[in-house]
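Fold and geometry: a report
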There are 2 protein chains.
Amino acid sequence: MSHDNYNTNVPEPALRRLPWYLSYVKLLKRQGRSKVSSTQIAEKINVSATQIAKDLSYVNISGKTRVGYDIDELIAVLEDFLGFKRMHTAVLFGVGSLGAALLSDSGLEQYGLKIHAGFDVDSSVVGQKINKIPVFHSDEFVAKNKKLKAQIGILTVPPYIAQEVADFMISGGIQAIWNFTPFRIRVPEHIVLQNTSLYAHLAVMFNRLAKGDE
Amino acid sequence: MSHDNYNTNVPEPALRRLPWYLSYVKLLKRQGRSKVSSTQIAEKINVSATQIAKDLSYVNISGKTRVGYDIDELIAVLEDFLGFKRMHTAVLFGVGSLGAALLSDSGLEQYGLKIHAGFDVDSSVVGQKINKIPVFHSDEFVAKNKKLKAQIGILTVPPYIAQEVADFMISGGIQAIWNFTPFRIRVPEHIVLQNTSLYAHLAVMFNRLAKGDE
C-alpha cells in the first residue's frame, strides 16, 4: 500500500513542527486571510522562515514568490499529509484514570484517531462503556482484534506491567504503540513506538519552576 | 526560596530520562530486589550505563562500587528530586473534551499535580464539578487566583484562542503553562512553558505507520 501524499522520509522534528503551522494558518483563515508566506508564519511561530519553507517542501504544496501559500490549500494538504483526515483504528489497554480520560476525549477523532475498544482485567470496568466505547476483558483482545484489525494500541496500564501488556498487544497484531506510561518499553524494530510521558513533562516543568523561585 | 534537593541546572534530556529510571526501579522493588547498579538499569532501559550514572549524579544519591544503589533510597530521592512528592497547585483553562478528561485523571496527583479549578466561558460547563473540581467562568480567574495562588496553568482551549488565554493566565499570576494545544504560544522569558502536543505525536505515529505499509 502506498499513500500518494505521504512522504515517509520526513525527519521527526519537521513532523512535529508541521502541526504548529497547521494550527496557525487555521487561525489566519478564521481571521479572513487567504494567503500566507513562510516569513509571515515565522514571525509568529519562533521558527526561521528558511526552516518553515524547508519543512513545507516535504508536503505536496508550492508557494508563489511574494504571494506565498494559498491558506485553504495549505490547510487541506497539511491535514492530509499529517494523517488527520484518515481514520486510524486504535484500542486502549488500561482503563484506569488516564485511560478512561483518553476514552472520553472525543477530540482525538478530529485528528484521525478512533478508539474502538478499551481492555482491562478489572471487573469494575469490564463490560462498561465509556463515551460509547466498550471495555472488554484483556483475554478477549486477540479474538476481538481479528475482526477489528486495530493498528494502534494506546498503553495506559500501571508502569510495572507496561512491557508485558505491550508484548501482548503486539502478539495480537498491533503495529504502533502509543505509550503513556513512564515505563521505557522495548519493542521489535518493525513496531512503531511513540512515548508521551505526561510525568516526564511534569518533572521538567516542576524543575524549571523551582529554578525561578531561587 | 530554595529546595535542598533541587539541582536546577539539570539538562532537559536528563530530566526526561529520570522518570524512566524511577519507574524501572519501582518495578524491581515489586520484584523484591533491594539493590541495583547503573549497568543493570542500562540493560533494560536502552540508555548506556555511563549516561545513567551521569544522570543520577545530578540527584543526591551515591552508588557503591559493585553493589550499586539502594533501591528504596533511589526511589525516595528520585521522587523528591522530580517534584512528585510536593503538591503543585494548578488550574485548567478550557473544559472541553481534553480538558474535562484531564480534570478526571486523578493520576496526576500521584505525580505532584493538583488541579484546583477549571475555567471556561461555556455556560454548559460553568458551575459544574468534574471529579469534584469546580468549573468557574474565566472572568472569575484573576479574583479566584488571588486566593488560590496557582503557579501552573493547563491550557486545553481551542487552538485559535490559545495565545490570548495564555496571556490572560499570566496576567493572573500563572508562572508555568502546560500547553496541550497544537498552537505554538509565546510567553515572556520568566514564564515556564511545557508543550505536550498529543496531535504532533499522532502525526509522527501515523507517518511511521504509513512507512511500514509501503
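Fair warning: this is a prediction, and the values are worked out from it, not measured in the lab.

What to know about the sheet that holds strand E5 (residues 129–130) of chain A
All names here are of chain A. The 7 strands lie next to each other as E5-E6-E4-E3-E7-E8-E9, forming an open sheet whose pairing is mixed. In this open sheet, the two strands that pair with only one neighbour each are E5 and strand E9 (192–195). Where strand E8 (residues 176–179) and E9 come together, 4 bridges link them in parallel fashion. Its bridge partner lying in E9, isoleucine 177 is registered against leucine 193. Packing of helix H7 (residues 162–171) onto the sheet brings it into contact with strand E3 (88–93), strand E7 (152–155) and E8, and relative to E7 it is tilted by some 165 degrees.

Focus on the packing of helix H2 (residues 38–45) of chain A against helix H3 (residues 49–57) of chain A
Residues and elements named next belong to chain A. With their axes 8 Å apart at the nearest point, H2 and H3 run at an angle of 115 degrees to one another. For the pair H2 and H3, the sense of crossing is right-handed. Every residue of H3 that contacts H2 at Ser38, Thr39, Ile41 and Ala42 is listed here: Ala49, Ile52 and Ala53. Tallied by class, residues from the contact of H2 with H3 come to 5 nonpolar, 2 polar and no charged.

What about the nonpolar core?
Counting 151 residues, the largest nonpolar core has A:Tyr21, A:Leu113, B:Tyr21, B:Leu113 and B:Leu202 as its most contacted members. When residues no more than four places from it in sequence are discounted, the contact partners of A:Tyr21 are A:Ile41, A:Ile45, A:Val47, A:Ile52, A:Asp55, A:Leu56 and A:Leu78.

Here we look at the pattern of salt bridges
Residue and element names in this part refer to chain B. Per the stated rule, a full pass over the model turns up 17 salt bridges over all chains. Note that aspartate 55 is salt-bridged to arginine 17, the shortest N-O span being 2.7 Å. Of the two residues, aspartate 55 sits in helix H3 (residues 49–57) while arginine 17 sits in helix H1 (residues 12–30), which places them 38 residues apart along the sequence. The same class applies to aspartate 55 and to arginine 17, which are both buried. We note a salt bridge from glutamate 140 to lysine 144, for which the minimum N-O separation is 4.0 Å.

Description of the relation of the copies chain B and chain A
Each copy of the sequence occupies a distinct position, and chain B is placed on chain A by a rotation of 180 degrees and an axial shift of 0.0 Å, giving an RMSD of 0.0 Å. The superposition operator between the copies reduces to a two-fold rotation axis. Ranked by how close their C-alpha atoms come to the rotation axis, the residues of chain B are headed by B:Ala101, at 2.2 Å. A high fraction, 100%, of the interface residues of chain B reappear at the interface in chain A, so the copies pair face to face through one surface.

A word on the domain arrangement of chain A
We note that the domain assignment places domain 1 (3–81) and domain 2 (88–200) within chain A. Just the C-alpha atoms count here: the centres of domain 1 of chain A and domain 2 of chain A sit 31 Å apart.

Details of the packing of aromatic side chains
Geometry of an aromatic ring pair is reported as the spacing of the ring centres plus the angle between the planes. Per the stated rule, a full pass over the model turns up 20 aromatic pairs over all chains. Plain terms: the ring middles of A:Phe119 and A:Phe141 are 5.3 Å apart, the flat faces sit at 75 degrees to each other, and that makes the pair edge-to-face. Linking A:Phe119 in strand E4 (residues 113–120) with A:Phe141 in helix H6 (residues 141–148), this pair joins segments that are 22 residues apart in sequence. Each member of the pair, A:Phe119 together with A:Phe141, is buried. Seen from their ring centres, B:Phe119 and B:Phe136 are 5.8 Å apart, and the 40 degrees between their planes marks the pair as tilted. Within this pair, whereas B:Phe119 is found in strand E4 (residues 113–120), its partner B:Phe136 is found in strand E6 (residues 133–137), the two being separated by 17 residues in sequence. Given a relative accessible area of 1%, B:Phe119 falls into the buried group. Among the aromatic residues, ring-to-ring pairing joins A:Phe93, A:Phe119, A:Phe136, A:Phe141 and A:Phe168 into one connected group. The ring centre of B:Trp20 lies 3.7 Å from the NZ or CZ of A:Arg184, which sits over that ring. In this structure, B:Lys144 packs its charged tip against the face of B:Phe136, placed 4.1 Å from the ring centre.

Here we look at helix H4 (residues 71–81) of chain A
Turning to H4(A), its buried residues number three or more, namely A:Ile71, A:Leu74, A:Ile75, A:Val77, A:Leu78, A:Glu79 and A:Phe81. Where H4(A) ends, the next residue or the one after it, A:Gly83, has phi of about 85 degrees, a positive value.

Remarks on unusual backbone geometry
Of note, the phi angle at A:Asn131 is positive, near 55 degrees, even though the residue is not glycine. The residue A:Asn131 is located in the loop between E5 and strand E6 (133–137) in this model. You will see that B:Asn46, though not glycine, has its phi angle at about 70 degrees, which is positive.

Digging into the packing of H1(B) against helix H4 (residues 71–81) of chain B
Residues and elements named next belong to chain B. For the pair H1 and H4, the least separation of the axes is 10 Å and the interaxial angle reads 145 degrees. Here the hand of the crossing between H1 and H4 comes out left-handed. Mapping the contact onto sequence places Leu15, Leu18, Tyr21, Leu22, Val25, Lys26, Leu28 and Lys29 in H1 and Ile71, Asp72, Leu74, Ile75, Leu78, Glu79 and Phe81 in H4. Taken together, the residues of the contact of H1 with H4 sort by class into 11 nonpolar, no polar and 4 charged.

Comments concerning the interface of chain B and chain A
Each partner contributes to the interface: chain B provides 70 residues, whereas chain A provides 70 residues. Across the interface of chain B and chain A, roughly 7,000 Å² is buried in total on both sides, 64% from carbon and sulfur atoms. Together, B:Arg184, B:His201 and B:Phe206 form the three largest contributors to the area buried by chain B at its contact with chain A, with a combined 10%. On inspection of chain B and its partner chain A, the count reaches 0 salt bridges. Here chain B and chain A share 23 residue pairs in polar contact (both at pLDDT 80 or more) between them. Residue assignment for the side of chain B that touches chain A shows that the elements contributing at least two residues are H1, helix H2 (38–45), helix H5 (97–104), strand E8 (176–179), strand E9 (192–195) and helix H8 (198–213) of chain B. Take the side of chain B that touches chain A: its biggest share by element is 15 residues, from H8(B). A breakdown of the residues in the side of chain B that touches chain A according to their chemical character gives 38 nonpolar, 20 polar and 12 charged.

So, how was this worked out
- Residues numbered from 1 in each chain as written.
- Chains lettered and ligands numbered in written order.
- Predicted model: local features only at pLDDT ≥ 70, side-chain atom pairs only at ≥ 80, totals over all residues.
- Heavy atoms only, no water.
- Pairing = 2+ DSSP bridges.
- Helix = DSSP H or I, 4+ residues; strand = E, 2+ residues; numbered from the N terminus.
- Contact = heavy atoms within 4.5 Å.
- Axes fitted to C-alpha atoms, helices over the stretch in contact; angles between N-to-C directions.
- Left-handed = near helix turned anticlockwise from the far one by under 90°.
- Nonpolar A, V, L, I, M, F, W, Y, C, P; charged D, E, K, R; others polar.
- Core = buried A, V, L, I, M, F, W, Y, C linked by side-chain atoms within 4.5 Å.
- Buried < 20%, exposed > 50% of the residue type's maximum accessible area, 1.4 Å probe, protein only.
- Salt bridge = Lys/Arg side-chain N within 4 Å of Asp/Glu carboxyl O.
- Least-squares fit on C-alpha atoms with pLDDT ≥ 70 in both.
- Domains from an automatic or database assignment.
- Phe/Tyr/Trp six-rings, centres within 6.5 Å; stacked < 30°, edge-to-face > 60°.
- Lys NZ or Arg CZ within 6 Å of the ring centre and 35° of its normal.
- Buried area = accessible area lost by both parts, 1.4 Å probe.
- Polar contact = N/O pair within 3.5 Å; in protein donor to acceptor, adjacent residues only side chain to side chain.

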